[in-house]
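Spelled out from the first residue to the last, the chains are:
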Amino acid sequence: MADFSYESDALAQLIVEMWLGNYGNLITPSGAGTTPAQYQARSAAAKVALAARGLYLQQPIVLTEIEYDGGFSLADANLPSAIVFVVPDQNRATTTVATPPALLETAKMLMAITPNGI
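Residues numbered from 1 in each chain as written. Predicted model: local features only at pLDDT ≥ 70, side-chain atom pairs only at ≥ 80, totals over all residues. Heavy atoms only, no water.

1. Observations concerning the overall build of the protein chain
Part 1 of the argument: Along the protein chain, the regular secondary structure elements total four helices and two strands.
Part 2 of the argument: Secondary structure of the protein chain in N-to-C order comes out as α-α-β-α-β-α.
Part 3 of the argument: The long-range fraction of contacts in the protein chain, counting pairs at least 24 apart against all pairs at least 6 apart in sequence, stands at 60%. (Helix = DSSP H or I, 4+ residues; strand = E, 2+ residues; numbered from the N terminus. Contact = heavy atoms within 4.5 Å.)

Below, the structure is given as structure tokens:
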């Protein structure tokens, strides 16, 4: 799988919103969400969230770094042609101290260094 970075204020804002507890339907906490049906639901939710930001993709999937590093497989998720986005681990940011506007810059920086960073 190829890794690359793409800078987007809209995607960085999505990261900030996810760090602040929004869009829980895009990722699955605590290791759940490993069935193909759950990944399909997450993909459908990602399609809506990304379209709201001007990205119209047929089959996106948003993963945590833990899922990505753990060897996520498009085949196992039954998403053979998905575009994979990886949310930078929020533990890399000081989300409890920084305010959302400052978190936007943090998110953009982490997007650049995270493999397939969203």
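Anyway, onward from the coordinates.
2. Comments concerning unusual backbone geometry
Part 1 of the argument: Its identity is not glycine, yet Tyr 23 carries a phi of approximately 60°, on the positive side.
Part 2 of the argument: Even without being a glycine, Asn 78 presents a positive backbone phi close to 60°.
Part 3 of the argument: Within the secondary structure, Asn 78 sits in the loop between α3 (65-69) and β2 (83-87).
Part 4 of the argument: You can call Asn 78 partly exposed: its relative accessible area is 47%. (Buried < 20%, exposed > 50% of the residue type's maximum accessible area, 1.4 Å probe, protein only.)

3. A closer look at the pairing of strand β1 (residues 60-64)
Part 1 of the argument: Summarising burial for β1: five of the five residues are buried, a large majority.
Part 2 of the argument: A two-sided burial pattern is seen for β1, the buried positions comprising Pro 60, Val 62 and Thr 64 on one face and Ile 61 and Leu 63 on the other.
Part 3 of the argument: One ladder, built from five bridges, connects β1 with β2; its direction is parallel. The partner of Ile 61 across the bridge, within β2, is Val 84. (Pairing = 2+ DSSP bridges.)

4. Here's the deal with the environment of Glu 67
Part 1 of the argument: Considering the arrangement of structural elements, one finds Glu 67 in helix α3.
Part 2 of the argument: For the pair Glu 67 and Ile 27, spaced 40 residues apart in sequence, the C-alpha to C-alpha distance is 9.6 Å.
Part 3 of the argument: Apart from the residues lying within four places of it in its own chain, the contact partners of Glu 67 are Tyr 39, Arg 42, Val 62 and Phe 72.
Part 4 of the argument: Of note is the side chain of Glu 67, whose polar atom sits 3.4 Å from the side chain of Tyr 39. (Polar contact = N/O pair within 3.5 Å; in protein donor to acceptor, adjacent residues only side chain to side chain.)

5. Looking at the environment of Gln 58
Part 1 of the argument: The residue Gln 58 is located in the loop between α2 (36-51) and β1 in this model.
Part 2 of the argument: Looking at Gln 58, the relative accessible area reads 67%, which means it is exposed.
Part 3 of the argument: Considering only alpha carbons, one finds Gln 58 and Ser 81, 23 residues apart in sequence, at a separation of 8.6 Å.

6. Re the confidence of the model for the protein chain
Part 1 of the argument: The predicted model of the protein chain averages 80 in pLDDT, with 79% of residues at 70 or higher.
Part 2 of the argument: Within the protein chain, α2 carries the highest mean pLDDT (92), whereas helix α4 (residues 100-113) carries the lowest (74). (pLDDT = per-residue confidence, 0-100.)

7. Some remarks on the nonpolar core
Part 1 of the argument: In terms of nonpolar packing, the biggest core is built from 22 residues, with Leu 11, Met 18, Trp 19, Leu 26, Leu 50, Val 62 and Ala 107 touching the most fellow members.
Part 2 of the argument: At the level of elements, α1 (9-19), α2, β2 and α4 are the ones that each hand at least two residues to this core.
Part 3 of the argument: Of all the elements, α1 adds the most residues to this core, at seven residues.
Part 4 of the argument: By size, the runner-up hydrophobic cluster in this structure holds 11 residues, among which are Leu 63, Ala 77, Leu 79 and Val 84. (Core = buried A, V, L, I, M, F, W, Y, C linked by side-chain atoms within 4.5 Å.)

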